[in-house]
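Architecture and fold: a report
Below, each chain spelled out in residue letters.
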Amino acid sequence: MAYIVRRQSVYYLNLRLPKHLFPNRHTLRISLRVRERQAALFLATSLAQQVNSHLSEHPLTTSETLRALCEQWRAATPQASIPIAPQTLSKTTPTLIGEGPTLASLSKLYIEEGKRGGTWRQTSTDDVERALADLFELIGDMPAKAFDAQQARLLKERLSRCPQYFGLRPEFKGKTLKQVVESGSTYKTITAVTVNNRLRKLTAFMNWCKVNRYVTENPLAGMKVMTGSAKEARLSFDRSDLVALLDHEALRKEARNHQWRYWIPLLGRYTGARLEELCQLRIDDFIELQGIQCFRIDDSCEGQNLKNTGSRRLLPIHPTLIDLGLIQHVESVKATGVDRLFPDLEAVRGKLGHAPSKWFSRYKTKLGIADTRKTFHSFRHTFIDDLRDAAIQDSLIKRMVGHEDSSVTFGIYGSRTPIAAMREALLAIK
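Values in this document were obtained by computation on a predicted structure and should not be read as measured data.

Calculation notes
- Residues numbered from 1 in each chain as written.
- Predicted model: local features only at pLDDT ≥ 70, side-chain atom pairs only at ≥ 80, totals over all residues.
- Heavy atoms only, no water.
- Helix = DSSP H or I, 4+ residues; strand = E, 2+ residues; numbered from the N terminus.
- Contact = heavy atoms within 4.5 Å.
- Buried < 20%, exposed > 50% of the residue type's maximum accessible area, 1.4 Å probe, protein only.
- Axes fitted to C-alpha atoms, helices over the stretch in contact; angles between N-to-C directions.
- Parallel < 35°, antiparallel > 145°, perpendicular 65-115°, else oblique.
- Nonpolar A, V, L, I, M, F, W, Y, C, P; charged D, E, K, R; others polar.
- pLDDT = per-residue confidence, 0-100.
- Phe/Tyr/Trp six-rings, centres within 6.5 Å; stacked < 30°, edge-to-face > 60°.
- Lys NZ or Arg CZ within 6 Å of the ring centre and 35° of its normal.
- Salt bridge = Lys/Arg side-chain N within 4 Å of Asp/Glu carboxyl O.
- Expected span 1.5 Å × (residues − 1).
- Arc of directions from axis to C-beta.
- Pairing = 2+ DSSP bridges.

**Brief notes about the overall build of the chain**
Looking only at helices and strands, one finds 18 helices and six strands in the chain. Counted over contacts in the chain with a minimum sequence separation of 6, partners at least 24 positions apart contribute 62%.

Following this line, the structure appears as structure tokens:
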């Protein structure tokens, strides 16, 4: 939340900081150095949007650094470009500028309605807000009716030129996302998959605007960048990759300070689970069913999120993991009184897998696995490929990896869950 206050004829921006990022500081106050209310409203909105965009990319920014950035952004905002019409975001009424409510004010209503109705989980809310921040950073605010096909194409083009890790790279310090995109510089851009994910979220926002009669058409409908298939985007690991990645001594050295560095690659190989599913495992997710040691992937507790309802599942623990001492590790963590299997993992933008993903990328590169199409998700592809090579029934494979399958009629955790069949199938994973 952002609002302005007036002190001795000068306006200040009071910016409410996210509690999960700034537990010891709730508000940042910045002098806007202007005396006109309309100018203050415009400048405050601009700074608030830039702060939100920066924190979505660089959540570990300190309040002192954030203040310095705000002062830079304030100085970089030309006074001559400040319009007369206010652009504050009302909680109840969309801001009107000439031709009707603005995209920024409607986005505020959209987020508030989604939160009230429980439309998104926290991680999804963060992703939606990040996509909206990109929208305003790249093309600015405007009346919703002014967002036409030309603006939609411009947004798609600029999104496609967004750099990876914008908020973390020193060469972009002090620059806005739009300045970088328009600079013509050479840098590694975000992937087509990421662009399309953000376009989907913005398309959903514009659909909401259309349903609520703020616009008559959605210019983003069906818009996406062309990309290869998911199969082409990610490769399976070959045997030499697996030998290198799962070398126990190498993993133990990596895990001297973080136990998850040992267990997460092994769990990825022998479960086929997604990285985030593994990172959010809790001690009570490990159970015995039908005399078989199992673990469940669920979203019943705070901090647990699943890709879709089909992701909720139960899987026997592979014999190799049992031999390596996974059950004993679970018990040792349980004895400390913590709830999560990997308690030292901290969420970044709602994702516990942030640090493991970065570490694994460095680890595989150090081992000589440089193909960018081979990522942690490649364990999942390898798991599925091995099961198919062993002629395991496709419906059972889908069940084991959490793919939705209308032909599967077993209960989630009930007596009809094919635990024995899944344990037998796991023997194909060597």
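After that view of the structure, there is still more to cover.
**As for unusual backbone geometry**
Phi at R33 is positive, roughly 60°, even though this residue is not glycine. The topology assignment puts R33 in the loop between β3 (27-31) and α1 (37-57). Judged by its relative accessible area of 63%, R33 is exposed. Phi is positive for R213, which is not a glycine, with a value near 65°. For R213, the position within the fold is in the loop between α7 (192-211) and α8 (230-233). You can call R213 exposed: its relative accessible area is 71%.

**Section: the packing of helix α3 (residues 103-116) against α7**
At a minimum axis separation of 10 Å, α3 and α7 run at an interaxial angle of 95°. Between α3 and α7, the crossing angle belongs to the class labelled roughly perpendicular. Between α3, through L103, L106, S107, L109, Y110 and E113, and α7, the contact on the second element is made entirely by K201, A204, F205, M206, W208 and C209. Its residues placed into classes, the contact of α3 with α7 shows nine nonpolar, one polar and two charged.

**What to know about the side chain of R130**
Looking at where R130 falls in the secondary structure, it is placed in helix α4 (residues 122-139). With relative accessibility at 14%, the residue R130 sits in the buried group. Among residues more than four places away in sequence, those in contact with R130 are S56, E57, R198 and R349.

**Focus: the environment of R388**
Considering the arrangement of structural elements, one finds R388 in helix α16 (residues 378-389). In this view, R388 contacts D394 and I397; residues no more than four positions away in its chain are not counted.

**Details of the confidence of the model for the chain**
Within the chain, residue pLDDT values average 84, and 88% of them lie at 70 or more. In the predicted structure, residues 80-93 sits below a pLDDT of 50 and forms 33 contacts with residues beyond four places in sequence or in another chain. Ignoring residues within four places in sequence, the model shows residues 406-415, a span with pLDDT below 50, making 22 contacts including any to other chains.

**Focus on the packing of aromatic side chains**
Taken as a whole and judged by the stated rule, the model has 17 aromatic pairs. Both rings, one in F237 and one in F379, keep their centres 4.9 Å apart while their planes meet at 65°; by these two values the pair is edge-to-face. Of this pair, F237 sits in the loop between α8 and α9 (239-245) while F379 sits in helix α16, and the two are 142 residues apart along the sequence. Neither residue differs from the other here; F237 and F379 are each classed as buried. An angle of 65° between the planes, with centres 6.2 Å apart, marks the rings of W359 and F360 as edge-to-face. Note that R29 overlies the ring of Y12, its terminal NZ or CZ placed 6.0 Å from the centroid.

**Things to note about the pattern of salt bridges**
Under the counting rule described, the total for this entry stands at 22 salt bridges. Here E249 ties to R252 by a salt bridge, and the two come within 3.1 Å at their closest N and O atoms. Placement of the pair is E249 and R252 together in helix α10 (residues 248-254), with a separation of three residues, close to one helical turn. Ionic contacts of the salt-bridge type, sharing partners, join the residues D238, D241 and K374 into one network.

**Things to note about helix α2 (residues 63-76)**
With 14 residues, α2 should reach 20 Å at 1.5 Å per residue; the first-to-last C-alpha distance of 20 Å fits that figure. Listing the buried residues of α2 in full gives S63, L66, L69, C70, W73 and R74. For α2, the arc enclosing every buried residue in end-on projection is 140°, short of the 170-degree limit, so these residues lie on one face. Exposed residues lying more than 90 degrees from the buried face of α2 are E64, A75 and A76. Tucked inside the fold, the buried residues of α2 contact β3 and α1.

**So, the sheet that holds strand β6 (residues 313-316)**
Ordered by their spatial adjacency, three strands build an open sheet running β4-β5-β6, and the pairing between neighbours is antiparallel. Each edge of the open sheet carries a strand with a single partner, namely β4 (286-289) and β6. The sheet shows a mean angle of 40° between the axes of neighbouring strands, taken without regard to direction. Here β4 pairs with strand β5 (residues 292-297) via four bridges, running antiparallel.

**Focus: the environment of R269**
As for its placement among the helices and strands, R269 is situated in helix α11 (residues 260-271). The spatial distance from the C-alpha of R269 to the C-alpha of R380 is 7.2 Å, given a sequence separation of 111 residues. Those residues in contact with R269 that lie beyond four places of it in its chain are R239, L242, L246, F379, T382, F383, D386, I429 and K430.

**Here we look at the pairing of β5**
If you look at the hairpin formed by β4 and β5, you'll find two residues sitting between the two strands, and Q290 has a positive phi there, around 55°. Where β5 and β6 come together, four bridges link them in antiparallel fashion. The residue of β6 that forms the bridge with C294 is P316.

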